[in-house]
Amino acid sequence: MESNSAGKRILLVVVAGWLASFAFIAQARELPDFTDLIEKSSPAVVNISTTQKMKHPRMPRMPDGTPFDEFFRHFFGDGDHVPDFDTHSLGSGFIISAEGYVLTNNHVVDNADKIIVRLSDRRELAAKIVGRDERSDIALLKIATDNLPVVKIGDSGNLKVGEWVYAIGSPFGFDHSATAGIISAIGRSLPAESYVPFIQTDVAINPGNSGGPLFNMNGEVIGINSQIYSRSGGFMGLSFAIPIDVAMEVTDQLRSKGRVTRGWLGILIQEVTAELAESFGMEKPQGALVAKLLPDGPAQKAGIQVGDVIVEFDGKPVEESSMLPRLVGRSKVGEAATVKVIRNGRPLTLRVKIAELPKDEEIKLGRDDTEDQSDNPLGIVVEDLNAEQRKQLDVTGGIVVRKVGSGPGQRAGLRRGDVILKLNNKDVKSVSAFAKQVEALPRNKSVPILVQRGRSTLFLALKLEE
């Protein structure tokens, strides 16, 4: 009996082992094989090295004849004759035409005095910059040769989260290193990058990978590896690539005219929070809230107003405020576009003629500090602006916040120095008028308050409780 039981146990172990083996094999078959793809893609990927001339800082000059003067001359020489020195950096790129056009990141070649492109066959060729665009971080190079292998350009407009991708580049100078992973997110916004909807992946990207291609499983380039999120300087699972559709639009302009033009509305915008959506009578937070109109800009001429929420641009929905600069930026300068807004809770469609984005255009919202104490139901201290202050701030009304204590004003985000321009969509003319407007506010309901903060304006959501 015992031998039979032992035999059964052995049989069960063997069967379990077979099942585990079959499961492992089945799982392995589901994983992609990158070998052929990498072999075909690698020849068109290049290493880019740059050299920059740097000047030594001038040595301090000591009075002639002093011990310190002799000391510095002995160890550092004459400060007026310290020679310049070279610094070097590495990056990646890829060939997009057999005539020698190469795409990479702008930050790879920025301030470079000399650029060398190393091909897969180990040839090293000097490159010149055809054009570069700082806002999209794209640079187009040209090397003097032909009959080069080229990448296949894909379509980044139909990417899906979870699909496999792979990268080839030169991390830390190791040429043609391949890494793989999946797309983690699409349409990512990064600080100070208003015009690029980044592709987020978990593909291992490290210094030196910048400017290299991101491929799909058809061996097509769908992005340019550009940035990593890291606290250590190395890969931490968050990599960001510029969509190839954006890159090629920029490239076409760089090839044809050496610079990039973008569309512009002439507005400052902010995100619509749940509280602001409630204050504007919207069912859900969406769109881009117009916080300020720039004088004589396209939006002002088209009739767009401060407080409008842009929910659709040229037939495309604007779910988040970060989407609007991208849509407007890709519009053709001089052509008209339809803009759908929510104004006072009602939809309205306007036509606006797109202008060219000025070089110094900034879409930023400022910040300030807070202090305690208050003298009204909002928990803030306010005072009227004099004529000189209104002239400097370029406002016709408004009151300034001098102190912020605990209360509804602080919870709304008011800061010392804010100039309150509107409360619940009504102009604020004076402190006395503001007090009456506060008393008339509904309780337990968010209302919009428009403030000017520094050179920017923004809406906050204010709620008074019973």
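Residues numbered from 1 in each chain as written. Predicted model: local features only at pLDDT ≥ 70, side-chain atom pairs only at ≥ 80, totals over all residues. Heavy atoms only, no water.

Q: Honestly, the overall build of the protein in this entry has me stumped. Any pointers?
A: When helices and strands are counted, the protein shows 11 helices and 27 strands. Relative to its 466 residues, the protein shows a buried fraction of 44%. When contacts within the protein are restricted to residue pairs at least 6 apart in sequence, those whose partners lie at least 24 apart make up 62%. Split by element, the accessible area of the protein, about 25100 Å² in all, is 51% carbon and sulfur. (Helix = DSSP H or I, 4+ residues; strand = E, 2+ residues; numbered from the N terminus. Buried < 20%, exposed > 50% of the residue type's maximum accessible area, 1.4 Å probe, protein only. Contact = heavy atoms within 4.5 Å. Areas by Shrake-Rupley, 256 points an atom, 1.4 Å probe, with all protein chains shown as cover.)

Q: Just checking my understanding: could you explain the pattern of salt bridges for this structure?
A: Side chains that carry opposite charge are capable of pairing whenever their charged atoms lie near each other. A complete count under the given rule lists 10 salt bridges for this structure. A salt bridge links Arg 262 to Asp 133, with the shortest nitrogen-to-oxygen separation between them at 2.5 Å. Of this pair, Arg 262 sits in the loop between helix H5 (244–257) and strand E14 (263–264) while Asp 133 sits in strand E5 (residues 124–133), and the two are 129 residues apart along the sequence. One exposure class covers both Arg 262 and Asp 133, and it is buried. With a shortest N-O distance of 3.1 Å, Glu 383 and Arg 402 are connected by a salt bridge. (Salt bridge = Lys/Arg side-chain N within 4 Å of Asp/Glu carboxyl O.)

Q: What is the right way to read the nonpolar core from this model?
A: By size, the foremost hydrophobic cluster in this structure holds 27 residues, and its most contacted members are Phe 94, Ile 138 and Ile 224. For this core, the secondary-structure elements that each account for two or more residues are strand E3 (101–105), strand E6 (138–143), strand E8 (164–169), strand E10 (193–201), strand E12 (220–228), strand E13 (239–243) and H5. Here the element with the most residues in this core is H5; it accounts for 5 residues. Listed in part, the 21 residues of the second largest apolar core include Val 382, Leu 423, Phe 434 and Leu 460. (Core = buried A, V, L, I, M, F, W, Y, C linked by side-chain atoms within 4.5 Å.)

Q: Is there a simple way to explain the packing of aromatic side chains in this structure?
A: Given two aromatic rings, their pairing is described by the distance between the two centres and the angle made by the two planes. Here the structure, examined in full by the defined rule, presents 5 aromatic pairs. Residues Phe 34 and Tyr 166 carry aromatic rings whose centres are separated by 5.7 Å and whose planes lie at 65 degrees to one another, so their mutual orientation is edge-to-face. Residue Phe 34 is found in the loop between helix H1 (2–30) and helix H2 (35–41), and its partner Tyr 166 is found in strand E8; the two are separated by 132 residues along the sequence. In this structure, Phe 34 and Tyr 166 share a single accessibility class: buried. With centroids separated by 6.4 Å and ring planes inclined at 80 degrees, the aromatic side chains of Phe 198 and Phe 240 adopt a geometry described as edge-to-face. One end of the pair, Phe 198, is in strand E10; the other, Phe 240, is in strand E13, with 42 residues separating them in the sequence. Of the two residues examined, Phe 198 and Phe 240, each falls in the buried class. A connected cluster of aromatic rings, assembled from ring pairs, spans Phe 34, Trp 164, Tyr 166 and Phe 215. One residue, Lys 142, lies across the ring of Tyr 101, its end atom 5.5 Å from the ring centre. The ring of Tyr 195 has Arg 262 sitting right over it, with the charged end atom 5.5 Å from the ring centre. (Phe/Tyr/Trp six-rings, centres within 6.5 Å; stacked < 30°, edge-to-face > 60°. Lys NZ or Arg CZ within 6 Å of the ring centre and 35° of its normal.)

Remember that the coordinates give geometry; whether it matters functionally is a separate question.
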